[in-house]
Amino acid sequence: MGLVERLMESTAGLTGRSVLTLQEWTPNEIKSILMTAAWLKANPKVAQIRYALAGKSVALLFELPSTRTRVSFQVAVEQLGASPVIMGWTESQLGRGEPIKDTARVLSRYVDGIVIRCRHHETLAEFNRWASVPVFNALTDRIHPFQALADVLTLWERKGRIAGLKLVYVGDGNNMANSYVVLGAKLGMHVVIASPKEYPPDPGLVEWGVKEALLTGGSVTVLEDPTEAVAGADAISTDVFVSMGQEDIEAKRALLARYQVNGALMARAKPDCLFMHCLPAHRGEEVTEEVIEGPQSVVFDQAENRLWVQKSALLQTLSD
Ligand code: CP
Ligand code: NVA
């Protein structure tokens, strides 16, 4: 049996699955996405992969702006031999109030998978309830699972391991903070979130993550003090102070000012600590130019790895 056949056989159980928060995936299933992503990255020209999803279509439906997610999903779909169907939210009948439950059932009659970026997580959940094809979360206000997968692939490449790493997220307790709580707990990492008490990560997810991490040898901790949080960090990640769809209020920016990742904060972590950011970045706000452009920064590896983890997930869930 060839490598590709073995790969497909080992992931056969994932056919038909959606990617919503990754809480619904087991650690071994998540590792399978990561391992296949690494394999695809190392073997980009294997002919069978280029036709793996030939004849299939994947809808890409975006309610919010995107550069990385939209392009990397479109390219991933094309590189697997399938056709992307790009849909703007407002240009579809959704913009005129057609119910999610009708849209999900209609699209399921045409396409084999649906990638959605939407403002409210509940919209994604509703879509998934009614769709009869896999649904892929391309970011909601609650969670951004493919970014976290790409970030963990980057850590694995750079550190040679995942379990046991200390990943510290500094800043707004937003969808990226929540994503690290989920994935870190699943994979036995030590995740620390440093955010102001006014802008914490989702308390329900943190409670879940603390328990889940007990099963995997990891841990989830929420602190207020960024300086305390980054001690001994293998990686520090941050994100914008104001996410898409959030109200941009001066008081929030003022509270978050002391959560900027700068040279002084990086110096408190391990000497080989990586700097991570999902991008887009605001230099001078959540991160300094010196840090994002410095030797510890891996932000463009993270961006590239979006392609590989998404290609892996599409391959494994949409293959016959
Ligand atoms: N990191 C990320 O999801 O970027 P986009 O908003 O450009 O897709
Ligand atoms: N937290 C950011 C991530 C962007 C990729 C947002 O939701 O806007």
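Quick note: structure is the one above.
Residues numbered from 1 in each chain as written. Chains lettered and ligands numbered in written order. Predicted model: local features only at pLDDT ≥ 70, side-chain atom pairs only at ≥ 80, totals over all residues. Heavy atoms only, no water.

**What about unusual backbone geometry?**
Next up, step 1: Look at the link from L279 to P280: it is a cis peptide, with omega at 5°.
Next up, step 2: Summarising the element assignment, P280 is placed in the loop between β9 (274-277) and α13 (289-292).
Next up, step 3: Residue L139 is not a glycine yet carries a positive backbone phi of 120°.
Next up, step 4: Note on placement: L139 falls in the loop between β4 (135-137) and α7 (145-159).
Next up, step 5: By relative accessible area, which is 8% here, L139 ends up buried.
Next up, step 6: Residues other than glycine seldom take positive phi values, yet L279 does so here, at roughly 65°. (Helix = DSSP H or I, 4+ residues; strand = E, 2+ residues; numbered from the N terminus. Buried < 20%, exposed > 50% of the residue type's maximum accessible area, 1.4 Å probe, protein only.)

**Here's the deal with the sheet that holds strand β3 (residues 113-117)**
Next up, step 1: Strand order in the open sheet made by the 4 strands is β2-β1-β3-β4, with parallel pairing throughout. Strand pairing shows two members of the sheet lacking a second neighbour, β2 (83-88) and β4, which therefore form its edges. The sheet shows a mean angle of 20° between the axes of neighbouring strands, taken without regard to direction.
Next up, step 2: Alignment of strand β1 (residues 57-62) against β2, held across 6 bridges, turns out to be parallel. Bridged to L61 within β2 is M87. (Pairing = 2+ DSSP bridges. Axes fitted to C-alpha atoms, helices over the stretch in contact; angles between N-to-C directions.)

**A short note on the site of ligand 1**
Next up, step 1: For ligand 1, the full set of nearby residues is S66, T67, R68, T69, R117, H144, Q147, C278, L279 and R306.
Next up, step 2: Here an oxygen atom of ligand 1 sits 2.7 Å away from a polar atom, N or O, in the main chain of T67.
Next up, step 3: R68 places a polar side-chain atom, nitrogen or oxygen, 2.8 Å from an oxygen atom of ligand 1.
Next up, step 4: Calculation on ligand 1 without its partners gives an accessible area of 250 Å², and the protein chains cover 94% of this total.
Next up, step 5: The site holding ligand 1 turns out to be the largest pocket.
Next up, step 6: Looking at the shell around ligand 1 residue by residue, the class counts come to 2 nonpolar, 5 polar and 3 charged. (Near = heavy atom within 4 Å. Polar contact = N/O pair within 3.5 Å; in protein donor to acceptor, adjacent residues only side chain to side chain. Areas by Shrake-Rupley, 256 points an atom, 1.4 Å probe, with all protein chains shown as cover. 1 Å grid on protein atoms, 1.4 Å probe; cavity = no way out; pocket = protein on both sides within 12 Å on 5 of 7 lines; lining within 4 Å. Sits in = over half its atoms within 2 Å of the grid points. Nonpolar A, V, L, I, M, F, W, Y, C, P; charged D, E, K, R; others polar.)

**Here's the deal with the pairing of strand β8 (residues 235-238)**
Next up, step 1: Along β8, one buried face is formed by A235 and S237 and the opposite face, lined by I236 and T238, is buried too.
Next up, step 2: Summarising the sheet, strand β5 (residues 166-170) and β8 pair through 3 bridges and their orientation is parallel. Within β8, the residue paired with L167 across the bridge is A235.
Next up, step 3: In terms of strand pairing, β8 meets β9 through 4 bridges, oriented parallel. In the sheet register, S237 faces β9, and the bridge partner there is M276.

**Topic: the pairing of β1**
Each regular strand shows side chains that alternate between the opposite faces of the sheet.
Next up, step 1: In terms of burial, β1 is a largely internal element, 6 of the 6 residues being buried.
Next up, step 2: Running through helix α4 (residues 68-79), the crossover from β1 to the neighbouring parallel element β2 is right-handed.
Next up, step 3: Across 5 bridges, β1 lies against β3 in parallel orientation. Along β3, the bridge assignment pairs L60 with V115. (Right-handed = clockwise from strand over helix to strand, strands pointing away.)

**With respect to the packing of aromatic side chains**
Next up, step 1: Overall, the coordinates contain 2 aromatic pairs when judged by the stated rule.
Next up, step 2: Look at F73 and F146: their rings are 5.3 Å apart centre to centre, the planes differ by 85°, and that puts the pair in the edge-to-face class. Taken together, the residues span a long stretch of sequence, with F73 in helix α4 and F146 in helix α7 at a distance of 73 residues.
Next up, step 3: For the ring pair Y169 and Y180, a centre distance of 6.1 Å and an interplane angle of 50° mean the geometry is tilted. Placement of Y169 in strand β5 and of Y180 in helix α8 (residues 175-186) is noted, with a sequence separation of 11 residues between them. For the pair Y169 and Y180, a shared accessibility class is recorded, and that class is buried.
Next up, step 4: One cation-aromatic arrangement involves R17 over W25; the distance from NZ or CZ to the ring centre is 4.6 Å. (Phe/Tyr/Trp six-rings, centres within 6.5 Å; stacked < 30°, edge-to-face > 60°. Lys NZ or Arg CZ within 6 Å of the ring centre and 35° of its normal.)

**Here we look at the pattern of salt bridges**
Next up, step 1: All told, the structure shown has 19 salt bridges when counted by the stated rule.
Next up, step 2: Across the salt bridge formed by R17 and E29, the nearest N and O atoms sit 3.0 Å from each other. With R17 in the loop between α1 (3-10) and α2 (27-42) and E29 in helix α2, the pair connects residues that are 12 residues apart, well separated along the chain.
Next up, step 3: Salt-bridge contacts for R283 lead to E289; the nearest nitrogen and oxygen are separated by 2.8 Å.
Next up, step 4: Its relative accessible area of 41% is what places R283 among the partly exposed residues.
Next up, step 5: Here the salt bridges share partners, and the residues they tie into one network are E122, E126 and R129. (Salt bridge = Lys/Arg side-chain N within 4 Å of Asp/Glu carboxyl O.)

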